[in-house]
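# Per-entry structural report
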Amino acid sequence: MKKVIIVGAGISGMTAGIILQNSGFETEIYEKNPVAGGELTGWKRDGVYIDNCIDYLMCSKKGSDMNGLWHEIGMLEEGLNMYSKDYFFKYEGHGGEITFWRDKERTKREMLELSPEDKDVIEKFFENVTRAESMIMPIDKPMDKMGPRDFMKLGDFAKNVPAAQKAYKGVSVKDLSESFKSPVLRSAVLMTHPENTQAYSFIMSYAMCTSGSGDIPEGGSLAAATRIANKYKAAGGKLHLNAPVKNVKIEGKLASGVVLEDGTEVKADYVICASDANHTFTKLLPSEYMPKKLQKPFGDKEHFSVFSKFHAAFLVDGKTNFIPDTTFWESNGLTVWDKEIKDVGVICYDYDPTITPEGKTILQMKIFQYTDDVDKWFAIADDKEAYEAKKAEIAEAMMHIIEEKCPETKGKITILDTWSPVTYAKRFNAYRGAYMGFVADKDTKTVTTPGVIKKLKNVFLAGQWLMGSGGLPPATAQGKYAAWRICKKEGVECK
Ligand SMILES: Cc1cc2nc3c(=O)[nH]c(=O)nc-3n(C[C@H](O)[C@H](O)[C@H](O)COP(=O)(O)OP(=O)(O)OC[C@H]3O[C@@H](n4cnc5c(N)ncnc54)[C@H](O)[C@@H]3O)c2cc1C
């Protein structure tokens, strides 16, 4: 039986592990943290659960291939309740409001009532939301190994999705925003994606909601990660926690295994690096092994950015009038690193009674942190006092904004936790604290890198950095692709 070592128990590494175990390989996953799941995670503070990932489980639509894979790996399971989102989000500001309902006809109607003069822009927007609803994640085999027949099997996806992408070619989220005359709509479309992101990303994310592909599993992200880890162990896989890998050991043109931080050497026939791509090629492997297609985004900072967020979680003693899910609103302003953020938002977790304590409300406020903000976090990261003070200052300001919006919460809010890009970098070795992959700007093609290393035939890559702007479906698909490549090499069926 051939042995495969996987670096990292994120969703990508665990997906590769489950599939390889089911296909007859012996696998071991080495994970630096005490908990499996990587960025798919959550934790408790003062006994209250704080979720850190699934705002929407894209491509989760029943009957889709990806939904099948979610079941195979334990992300989803029979009998698990799903929160069917009624809305993508709600925005209030500039004297009006708009809700991006799951029912897109209702949203369209409300947009047209709000701003009849935006009719053409609205019509085009919904035409392409409808097209983007065909979005699926191909998972049979790696995309670079797909032939015309495989593409034919993708049906409407192959026709509709490129058409929607073409309709918004060269258009950023900011451009889309500016194409509306209504100030409400202008602000609303800027809420969920960084401004320089391709407009199609926003359209696709909304389409996931309208097509029923963006629901949320009960129990949140940590419960999902635990189910996946259990599935891996039940398939016979060995999961080593608190076991950081120092490097991949190379002998000639092959890897002989990995060396752990404690000096232990573990031999293997194959290695999958399912860790952050920057970490993989600065710490685990010499940088010259980085595939060219990955070198490009790392080297082209003008067209490819990464983003992160600052988060604060709050517990309210009582119920609020926030919708269960996401609300953004125009506020009196939140100043972070000398930048005034006019529109803020909260996620209210009332939709999941299994994580919300009786009679209380859990809220999270998040704000985008771009390159210059991220630099500032890293500059104070080693000064514990300054770092904690900065987080507390922002969280306090956020709390007051929530109190202003929802006066019945005054005096009833506790700050549960705060975390920043530095948290993601320290905990997951995430490049600049990023929590998705590269964001390509409007003039650039998104990243698609086969997870192979030209000069090392028995080392494969997995993880969100190889595809699009990352997220759970690409990370999971890439885990499957890595397993598929090893099965193919060994001439065994990939199960
Ligand atoms: C706040 C937040 C919200 C998000 N919301 C969504 C959402 O709603 N929908 C969605 O689709 N996606 C969402 N994402 C993105 C999603 O979480 C990621 O795309 C996905 O979890 C990445 O999985 P991965 O396996 O590629 O990487 P990771 O999760 O980063 O896993 C890599 C693993 O490798 C480990 N590791 C690193 N270096 C080493 C080493 N040297 N030795 C051993 N182990 C190592 C890390 O600790 C980690 O466990 C969100 C992310 C965040 C942070």
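Above this note sits the structure.
Residues numbered from 1 in each chain as written. Predicted model: local features only at pLDDT ≥ 70, side-chain atom pairs only at ≥ 80, totals over all residues. Heavy atoms only, no water.

## A look at the overall build of the chain
- Regarding its fold elements, the chain presents 16 helices and 22 strands.
- What you see for the chain is a C-alpha radius of gyration of 22 Å, in line with the 23 Å of a compact globule of 495 residues.
- For the chain, with 495 residues in total, the buried portion stands at 59%.
- If you sum the accessible surface of the chain, you get close to 20600 Å²; carbon and sulfur atoms cover 51% of it. (Helix = DSSP H or I, 4+ residues; strand = E, 2+ residues; numbered from the N terminus. Rg over C-alpha atoms; globule rule 2.2 N^0.38 Å. Buried < 20%, exposed > 50% of the residue type's maximum accessible area, 1.4 Å probe, protein only. Areas by Shrake-Rupley, 256 points an atom, 1.4 Å probe, with all protein chains shown as cover.)

## Considering the packing of aromatic side chains
- Taken as a whole and judged by the stated rule, the model has 35 aromatic pairs.
- The interplanar angle of 80° and the centroid separation of 6.2 Å between the aromatic rings of Phe304 and Phe438 together place this pair among those described as edge-to-face. Note that Phe304 is positioned in strand β14 (residues 304-305) and Phe438 in the loop between α15 (421-428) and β20 (439-440), a separation of 134 residues in sequence.
- On the basis of relative accessibility, which here comes to 5%, the residue Phe304 falls in the buried class.
- Given a relative accessible area of 3%, Phe438 falls into the buried group.
- Of note, Arg427 hangs over the ring of Trp43, and the distance from its end group to the ring centre comes to 5.1 Å. (Phe/Tyr/Trp six-rings, centres within 6.5 Å; stacked < 30°, edge-to-face > 60°. Lys NZ or Arg CZ within 6 Å of the ring centre and 35° of its normal.)

## Regarding the site of the ligand
- Near the ligand, the surroundings consist of 38 residues, among which Glu31, Glu39, Cys53, Asp55 and Gln464 are the closest.
- Measuring from a nitrogen atom of the ligand, one finds a backbone N or O atom of Val245 at 2.9 Å.
- Between Gln464 and the ligand, the recorded distance is 2.7 Å, taken from a side-chain N or O atom to an oxygen atom.
- About the coverage of the ligand: the protein hides 97% of its 1000 Å² of free accessible area. (Near = heavy atom within 4 Å. Polar contact = N/O pair within 3.5 Å; in protein donor to acceptor, adjacent residues only side chain to side chain.)

## What to know about the nonpolar core
- Judged by nonpolar contacts, the single largest core of 105 residues is most densely connected at Met75, Phe100, Phe125 and Ile272.
- For this core, the element with the highest residue contribution is helix α9 (residues 199-210), accounting for nine residues.
- With near-sequence residues (within four places) excluded, Phe100 lies in contact with Tyr87, Phe88, Phe89, Thr107, Met111, Phe125, Ala188, Val189, Phe202 and Tyr206.
- Judged by nonpolar contacts, the second largest core, of 34 residues, contains Cys273, Leu294, Ile453 and Trp465. (Core = buried A, V, L, I, M, F, W, Y, C linked by side-chain atoms within 4.5 Å. Contact = heavy atoms within 4.5 Å.)

## Section: the sheet that holds strand β1 (residues 3-7)
- With mixed pairing, six strands are arranged side by side in an open sheet as β9-β2-β1-β13-β22-β21. The open sheet has two free edges, formed respectively by β9 (238-240) and β21 (452-453), since each of these has just one partner strand.
- Against the sheet, helix α1 (residues 11-22) engages β1, β2 (26-30) and β13 (270-273), with an angle of about 165° to β2.
- Against the sheet, helix α16 (residues 472-490) makes contact with β1, β13, β21 and β22 (456-461), and its axis sits at roughly 155° relative to β22, the strand it touches most. (Pairing = 2+ DSSP bridges. Axes fitted to C-alpha atoms, helices over the stretch in contact; angles between N-to-C directions.)

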